[in-house]
Amino acid sequence: MVHVNEDVTWLEKMEKTFTQIAGEDKKIDFDEFKRALNIKESFFAERFFQLFDQDDSGTIELQELLDGLRMLTGADAARKLEFLFDVYDVDGNGSIDKYELLTVLQSSVHESSLSVSDTDLELLTDVLFESADSDGSGSISFDELKEELEKHPGLLENLTIGAAQWLKPRTTEMKEKGTYRYLTIKYWRNNSKKGVLFLLYFLVNIGLFVLGCYNYRTSNGFVIVARGCGMALNFNCSFILVCMLRRCITFIRSFKQSQFLPLDQHILLHKVVGMVIGLLSLIHSLAHVGNAALVSRHLNLTVPEFLITTKAQLGWVYGLAPLSGVILNAILIVIIICSLPFIRRSGKFQVFYWTHILYIPFWLLIIIHANNFWIWFVIPGVIFLVEKISRSKILKLAAYGETHIVEVNLLPSKVTHLVISKPPKWRYRPGDYVFIQVPDIARNEWHPFTISSAPELQGFFWLHVRSAGHWTNKLYEYFEEYNPVVELAGVYNKGFSESLHNMETGMEHGKYRKCSNVRRVVK
């Protein structure tokens, strides 16, 4: 009854909103449609509008839209699944390929608040596709999809929930619910591995802090707190590096026991460790300032002389501990500020990238600042250096040769389909992903994408890149403005079916436009 009342209220609100927007002509264009429903994802907005705009006129009749919304909101699970099928059947051929199915599952899982890793989601896609494609045609019809999902009622329910929910505007209440969902028991029950990981991490930090305080228990309170934070900082400033050892994480994935580890959360953990380092550094520095104010007069020094000169002779390298600490704080402030989302997601990735390179002087200064830090750092530091060298572009070019984008297909909903030449010695498996760099867009940016083609495809591999951020949008726009006759000797299409035909029958390419370098990272 509660859901029915919510739907009635929503329909009344939508009818009023669309009536005001439609005006006297009773027609709604795409911008008005998107604004009224408050749909942020352009993919959903475009597909919903295309489905309602059946005559391809670029506008929707008000009454037709309201009738469609009423039907969908009150529909049963099967009708909602049919609508969902139509949304993702982008080319309208009555079937869904494997890439489209993966998109269905990704979006539906996100909307349904399920906790499923990317690896499990890709595995689920493969299993569902192989099982549902009963006739072995390489695509799934609606009946095949429905028959397969009916074997998994829970999954069917979560998939069909999203069909109507996507059309409902996001309210303030929903946003607040999303903000505080991390504080709910349900969230942590569904993310138990992540919960255990963070629990152990914070327990280690608490233990190290207590140990550091205990070791200096005879000192004044400022020193006790500073040393406790210092002990925890030794661990965190090394552990933040461990979180980004991608080859080691990949190696761990090869063991069956890795399923019990939240390896997909390593970037999140890296960010959390960074915030903890910032907090501990603040407390550590304030405690040392307090200690300087307390003891500097006994050394006939002012507080500034104690902190920014070597006159106090503190530290194991020429008395540089206080001064190196001041410089470390300055570097840390720059790194933290330039790592915030408003920098990374506003087209300023180069700022994030180059300021992150400050980790090199940061670690060198910590070794000078803290006499025991090298003990914590030496093993992860050596592994990190080996990984950096092994992942270098020079070694990759020497091992595999250059790679080129030889074909581009711009698909609906701003999806860029890239066909990239595959080096003869390079091998990959289903589920693997690559980091790609397109120098014409950003010379120093590498972005990971799952390989969407089968390993059996000879000479090439495929990527389907959805425009979901600054770099991916620039990629789409770059090829949208490309001159296919003069500059690209391969094929440049906006029709996917022609591309498939060309790839299947084989095609001769002239000079390749060198747009990217590709390096492999096995998942």
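Residues numbered from 1 in each chain as written. Predicted model: local features only at pLDDT ≥ 70, side-chain atom pairs only at ≥ 80, totals over all residues. Heavy atoms only, no water.

*Asks:* Quick question: what am I supposed to make of the pairing of strand 5 (residues 405-411) here?
*Replies:* Two faces, one strand: in a regular strand the side chains alternate between the faces of the sheet. Buried residues dominate strand 5, accounting for 7 of its 7 residues. One ladder, built from 6 bridges, connects strand 5 with strand 6 (residues 415-421); its direction is antiparallel. Considered in strand 6, the bridge of Val 408 is made with Leu 418. Taking the residues that link successive antiparallel strands as the turn, the strand 5-strand 6 hairpin has 3 residues, and the phi of Ser 413 there is positive, at about 65 degrees. (Buried < 20%, exposed > 50% of the residue type's maximum accessible area, 1.4 Å probe, protein only. Helix = DSSP H or I, 4+ residues; strand = E, 2+ residues; numbered from the N terminus. Pairing = 2+ DSSP bridges.)

*Asks:* Where do I start with the layout of surface pockets in this structure?
*Replies:* The gaps of empty space that remain are located by a probe, the size of a water molecule, rolled over the atoms. Taken as a whole, the second largest pocket encloses approximately 1000 Å³ of empty space. Arg 227, His 284, His 288, His 369 and Ala 370 are the residues nearest the centre of the second largest pocket, which is lined by 35 residues in total. Secondary-structure elements contributing two or more residues to the lining of the second largest pocket are helix 12 (192-215), helix 13 (221-242), helix 15 (266-295), helix 16 (303-308), helix 17 (321-337) and helix 20 (359-369). Residue composition of the lining of the second largest pocket, grouped by class: 19 nonpolar, 15 polar and 1 charged. (1 Å grid on protein atoms, 1.4 Å probe; cavity = no way out; pocket = protein on both sides within 12 Å on 5 of 7 lines; lining within 4 Å. Points joined across faces, edges and corners; volume = space filled by probe spheres on them. Nonpolar A, V, L, I, M, F, W, Y, C, P; charged D, E, K, R; others polar.)

*Asks:* Where do I start with the pairing of strand 7 (residues 433-437) in this structure?
*Replies:* Here strand 7 lies mainly inside the structure; 5 of its 5 residues are buried. What you see with strand 7 is no split at all: Tyr 433, Phe 435 and Gln 437 on one side and Val 434 and Ile 436 on the other are buried throughout. In this sheet, strand 8 (residues 447-450) lies alongside strand 7 in antiparallel orientation, the contact comprising 4 bridges. In the strand pairing of strand 8, Ile 436 is matched with His 447.

*Asks:* In this structure, what is going on with helix 23 (residues 470-480)? I would like to understand it.
*Replies:* Helical geometry note: an α-helix holds 3.6 residues per turn, so side chains three or four residues apart project in the same direction. By the burial criterion, the buried members of helix 23 are Trp 471, Thr 472, Leu 475, Tyr 476, Tyr 478 and Phe 479. Along the axis of helix 23, the buried residues cluster in a sector spanning 160 degrees; they form a single face. (Arc of directions from axis to C-beta.)

*Asks:* Honestly, the packing of helix 15 against helix 17 in this entry has me stumped. Any pointers?
*Replies:* Axis angle and axis distance: for two packed helices, these are the angle between their axes and the distance between the axes, and together they describe the pair. Two numbers describe how helix 15 lies on helix 17: the axes approach to 11 Å, and their chain directions differ by 150 degrees. Once helix 15 is placed against helix 17, the crossing between them reads as left-handed. On helix 17, the residues touching Gly 274, Ile 277, Gly 278, Ser 281 and Ser 285 of helix 15 are Asn 329, Leu 332 and Ile 336. When its residues are assigned to classes, the contact of helix 15 with helix 17 shows 3 nonpolar, 5 polar and no charged. (Axes fitted to C-alpha atoms, helices over the stretch in contact; angles between N-to-C directions. Left-handed = near helix turned anticlockwise from the far one by under 90°. Contact = heavy atoms within 4.5 Å.)

*Asks:* What should I look at first to understand unusual backbone geometry in this one?
*Replies:* Most peptide bonds are trans, and most residues other than glycine sit at a negative phi. At Gln 313, a residue that is not glycine, the phi angle is positive and equals roughly 50 degrees. Mapped onto the elements of the fold, Gln 313 is located in the loop between helix 16 and helix 17. Look at Tyr 318: it is not a glycine, yet its phi comes out positive at around 55 degrees. In this structure, Tyr 318 sits in the loop between helix 16 and helix 17. Taking the relative accessible area as the measure of exposure, Tyr 318 reaches 71% and is therefore exposed.

*Asks:* Where do I start with a negative patch on the surface in this structure?
*Replies:* On the surface, Glu 24, Asp 25, Asp 55, Asp 56, Glu 61 and Glu 64 cluster together to form a negatively charged patch. Locating Asp 25 in the fold gives a position in the loop between helix 1 (2-22) and strand 1 (27-29). (Patch = residues over 30% accessible without salt bridge, like charges linked within 9 Å, V, L, I, M, F, W, Y side chains within 5 Å. Areas by Shrake-Rupley, 256 points an atom, 1.4 Å probe, with all protein chains shown as cover. Salt bridge = Lys/Arg side-chain N within 4 Å of Asp/Glu carboxyl O. Lys, Arg positive; Asp, Glu negative; His and termini not counted. Charge placed at Lys NZ, Arg CZ, Asp CG, Glu CD.)

*Asks:* I keep staring at a nonpolar patch on the surface and nothing clicks. Help me out?
*Replies:* Together, Trp 316, Trp 374, Ile 375, Trp 376, Val 378, Ile 379, Val 382, Ile 383 and Val 386 line one region of the surface with nonpolar side chains, adding up to about 860 Å² of accessible area. Here Val 382 shows up in helix 21 (residues 373-390).

*Asks:* Looking at this model, I keep getting lost on the pattern of salt bridges. Mind explaining?
*Replies:* Side-chain pairs of opposite charge can arise where the charged atoms are in close proximity. Counted under the stated rule, the structure contains 2 salt bridges. Close ionic contact of Glu 305 with Lys 311 constitutes a salt bridge, the shortest N to O distance being 3.3 Å. On the basis of relative accessibility, which here comes to 25%, the residue Glu 305 falls in the partly exposed class. Residue Lys 311 is classed as exposed on the basis of its relative accessible area of 52%. Linking Glu 387 and Arg 391 is a salt bridge whose minimum nitrogen-to-oxygen distance equals 3.0 Å. Neither Glu 387 nor Arg 391 differs from the other in exposure class; each is buried.

*Asks:* Just to check I follow, could you spell out the nonpolar core for this structure?
*Replies:* Generally speaking, a soluble globular protein has its nonpolar side chains buried in company with each other. By size, the foremost hydrophobic cluster in this structure holds 31 residues, and its most contacted members are Cys 237, Val 273, Ile 277, Phe 362, Trp 363, Ile 366 and Phe 373. Considering each element in turn, this core owes the most residues, 8 residues, to helix 13. In contact with Cys 237, not counting residues within four places along its chain, are Ile 277, Phe 362, Trp 363, Ile 366 and Phe 373. By size, the runner-up hydrophobic cluster in this structure holds 26 residues, among which are Leu 65, Leu 66, Ile 96 and Phe 129. (Core = buried A, V, L, I, M, F, W, Y, C linked by side-chain atoms within 4.5 Å.)

*Asks:* Even after reading the chapter, I still don't get the side chain of Asn 409, so can you show me in this structure?
*Replies:* By the element assignment, Asn 409 lies in strand 5. Here Glu 407 takes part through its side chain, which lies 3.4 Å from a polar atom of the side chain of Asn 409. (Polar contact = N/O pair within 3.5 Å; in protein donor to acceptor, adjacent residues only side chain to side chain.)

*Asks:* Even after reading the chapter, I still don't get the packing of aromatic side chains, so can you show me in this structure?
*Replies:* Both the distance between ring centres and the angle between the ring planes are used here to describe each pair of aromatic rings. Considering all chains together, one arrives at 18 aromatic pairs under this definition. With a centroid separation of 5.8 Å and an interplanar angle of 85 degrees, the aromatic rings of Tyr 359 and Phe 384 are classed as edge-to-face. Taken together, the positions of Tyr 359 in helix 20 and Phe 384 in helix 21 put the pair 25 residues apart, joining distant regions of the chain. What makes Tyr 359 partly exposed here is its relative accessible area of 21%. The exposure class of Phe 384 is buried, given its relative accessible area of 13%. Ring plane angle 70 degrees and centroid distance 6.1 Å describe the contact between Trp 363 and Phe 384, whose orientation is recorded as edge-to-face. On the criterion of sequence distance, the pair formed by Trp 363 in helix 20 and Phe 384 in helix 21 is long-range, its members being 21 residues apart. Accessibility classification places Trp 363 together with Phe 384 in one group, the buried group. Members of the aromatic cluster, connected to one another through ring pairs, are Tyr 201, Phe 202, Phe 235, Phe 239 and Trp 376. Geometry around Tyr 214 places Arg 217 over its ring, the cationic atom sitting 4.1 Å from the centre. The ring of Phe 435 carries the charged tip of Arg 246 above its face, separated from the ring centre by 4.4 Å. (Phe/Tyr/Trp six-rings, centres within 6.5 Å; stacked < 30°, edge-to-face > 60°. Lys NZ or Arg CZ within 6 Å of the ring centre and 35° of its normal.)

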